[in-house]
Structure formats: structure tokens, C-alpha cells
Amino acid sequence: MSRVPRPPLDGLIDDLYYLEGVPPYARLTLPPMPAALLIVNLGAPFRIRAGTDIETAEYADGCVVTMPTRALEFGYPLRTRSVGVHFKPWGLAPFLAMPAAELRDRPVTLEQVWGRPAVAELRDRLATADGPHEMLTLLEQELMRRLCETAGLGLVRHTARVIAATTGGVVIGDLSAAAGVSSTHLAQRFKEHIGVTPKRLARTYRFAATVFAIDPAGPVDWAELAGGAGYFDQAHFGHEFRAFTGLTPTRYVEVRRQFLREHPAHVLDSWPLPAV
């Protein structure tokens, strides 16, 4: 279950969620999306691999993930239980004690960000809460308590919203000119609060829009899809797809169709997919 938090958190967060049950697969791949993630784990440890060149790490208390630039592979226990936050790309910044760029493609434990005593207390309160609704209320209260003013976040949030509204189809130079700052200053602020440059965020929004436009249950016109998303040609589109997912477009659809066959009653949005 999930819900949108109250203002002012709704300007930073897409939703708070509660997750419990048996994962459809032991491993799921999360392609890069324009979002950041915080998980408070209440069950057995889960594992994350942030790229094929990085060893898998175990997370018992939870994790914090700034907006990734590479696919993440989540390994789940037989049963999982957690509460979490899907942040807007800029939304995690007020809750971090370090620049977001320091954590790019490097998920860290929740204890590394908020400290062991505070996280232990939060997990205890969540574990003894009277059901998911109260758990989400406790998480929202914790976020409100930790919310702080963050210099430069207004510039980043406004500019990132323009990028989101155009699904990445905006000239980056126009953004800095409209904001009255240099492109270098804008890029530095983005790396500080989101972890990536405006150009990278635009690429991610465009890719996300493309993925969400794919219906794996039916035929896919790749040329039309690539053109509609603003890619130069199908070769450019294919290169971006492999860069974001590690898969070709056709292999991606095969994996999604496999999931539909094996779990016809399970809802899986266009973000995660079975690890291959």
C-alpha cells in the first residue's frame, strides 16, 4: 500500500509505501529512473548490486539510494517486509548530510545516513506499530522532524520540474539562461542535490517515458517509439536502452512478457523487471 504525504513533503516525495510478502522473483532489476529511494527494512536482510563491476552488498537496517545512473539488482529474502519512500529526484537532499553526488551509484545503509541509534529507535517503533497505516504515519513524522532548509534546492527543484514537464526534451542551455545562472553553477547544484547533471536527468526522464510507453502484451513499433521519444534513430535508441538496462529493447520486452506469463495476476509496473 502507498500514499502521498502531506505538504510540504509532497513537494519532495512521490509516495510513502509499505511492502510485505513473497517477492515474485528472488532478484529484480531496477533500471535508472528519475527518483531516489529510502527503505527501512523490517524483515530479513536484502542485497543490492549496483552494477556488474561492484560486489553485492547486504542491507539489514535499510538503504538510501540517490538517483542512479546504472541498473540496480535487488536480491530479496523469501519474505520481505519494509516501509519506504519514493523521492522525487531532488527530494532526498534535505535528509542527507552529504552531497548527493557522493552517493551516486553507491547505495548506503540507512545507519550510515541517520546513525545507528536513531535508525534502531525508528525500526523498533515501526515494528510495534498497529498496522501499515500507523507505520506510514510514523515514517512521515520522522521525515517531517528531519526536514531542513537546503540552500539552492529551490533552483534545482524548479529547473528539474521543467525537465520533467518536457520529459527531457528541453535545451539544457536554455534552463540556465532562464534561471539567470551559469551552466556550471546549475550543474554543480544538480550534482549536489540530485547527484547528476541536468543533462543526465533529462536523459533519464526521456528513457523513463519511453519505457512507460511500452506495452509488453502487444506488438511494439520500435521505430515509432524511438522517434516519438526524440531519439535520433533506432541505433541511438538501442544504445540508450542498453546503457540504462543492460538489455536490448527486444530482450527487455521478452523479459517483461516472461513475467506476464509466469505471474498473470501480479501487478508489476514498468520500473522493476526480473533479473536475467
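Described below are features of the structure shown in this document.

Cut-off values and rules
Residues numbered from 1 in each chain as written. Predicted model: local features only at pLDDT ≥ 70, side-chain atom pairs only at ≥ 80, totals over all residues. Heavy atoms only, no water. Core = buried A, V, L, I, M, F, W, Y, C linked by side-chain atoms within 4.5 Å. Buried < 20%, exposed > 50% of the residue type's maximum accessible area, 1.4 Å probe, protein only. Helix = DSSP H or I, 4+ residues; strand = E, 2+ residues; numbered from the N terminus. Contact = heavy atoms within 4.5 Å. Lys, Arg positive; Asp, Glu negative; His and termini not counted. Salt bridge = Lys/Arg side-chain N within 4 Å of Asp/Glu carboxyl O. Polar contact = N/O pair within 3.5 Å; in protein donor to acceptor, adjacent residues only side chain to side chain. Axes fitted to C-alpha atoms, helices over the stretch in contact; angles between N-to-C directions. Parallel < 35°, antiparallel > 145°, perpendicular 65-115°, else oblique. Nonpolar A, V, L, I, M, F, W, Y, C, P; charged D, E, K, R; others polar. Pairing = 2+ DSSP bridges.

### Looking at the nonpolar core
Link 1 in the chain: Of all hydrophobic cores here, the largest spans 46 residues; its most connected members are Val40, Phe87, Trp114, Leu143, Ile194 and Leu201.
Link 2 in the chain: Top contributing element to this core by residue count: helix α3 (residues 132-146), with five residues.
Link 3 in the chain: The contacts of Leu201, once residues within four sequence positions are left out, are Pro34, Met67, Pro89, Ala160, Ile163, Phe190, Ile194 and Val196.
Link 4 in the chain: If you look at the next biggest cluster of nonpolar residues, it comprises 18 residues, including Met33, Trp222, Phe241 and Val255.

### Concerning the side chain of Asp61
Link 1 in the chain: Within the secondary structure, Asp61 is located in the loop between β6 (57-59) and β7 (62-65).
Link 2 in the chain: Buried and unpaired, Asp61 has no salt bridge, with Arg123 as the nearest side chain of opposite charge at 6.2 Å.
Link 3 in the chain: Engagement of the side chain of Asp61 in a polar contact is seen with the backbone nitrogen of Glu111, the distance being 2.8 Å.
Link 4 in the chain: Excluding residues that lie within four positions of it along the chain, Asp61 makes contacts with Ile39, Val40, Asn41, Thr109, Leu110, Glu111, Val119 and Arg123.

### Overview of the pattern of salt bridges
Link 1 in the chain: Inspection of the entire model under this criterion finds 13 salt bridges.
Link 2 in the chain: Arg47 serves as the salt-bridge partner of Glu58, at 3.5 Å between the closest nitrogen and oxygen. On the criterion of sequence distance, the pair formed by Glu58 in strand β6 and Arg47 in strand β5 (residues 46-49) is long-range, its members being eleven residues apart.
Link 3 in the chain: On the basis of relative accessible area, Arg47 is assigned to the partly exposed category, the value being 37%.
Link 4 in the chain: The residue Glu192 makes a salt bridge to Arg189 at a minimum N-O spacing of 3.5 Å. Of this pair, Glu192 and Arg189 both sit in helix α6 (residues 183-193), three residues apart, roughly one helical turn.
Link 5 in the chain: Where salt bridges share partners, they join Arg125, Glu142, Arg145 and Arg146 into one cluster.

### Concerning the packing of helix α2 (residues 116-127) against α3
Link 1 in the chain: Running from amino to carboxyl end, α2 crosses α3 at an angle of 155°, the nearest separation of the two axes being 9 Å. With respect to their mutual orientation, α2 and α3 come out roughly antiparallel. Along the contact surface, α2 presents Ala118, Leu122, Arg125 and Leu126, while α3 presents Met135, Leu138, Leu139, Glu142 and Arg146.
Link 2 in the chain: Broken down by class, the residue content of the contact of α2 with α3 amounts to six nonpolar, no polar and three charged.

### A word on the sheet that holds strand β3 (residues 27-30)
Link 1 in the chain: Spatial strand order, β6-β5-β8-β3-β11: five strands in an open sheet with antiparallel pairing. This sheet does not close on itself; its edge strands, each paired only once, are β6 and β11 (273-274).
Link 2 in the chain: Where β3 and β11 come together, two bridges link them in antiparallel fashion. When the bridges of β11 are listed, Thr29 appears paired with Leu273.

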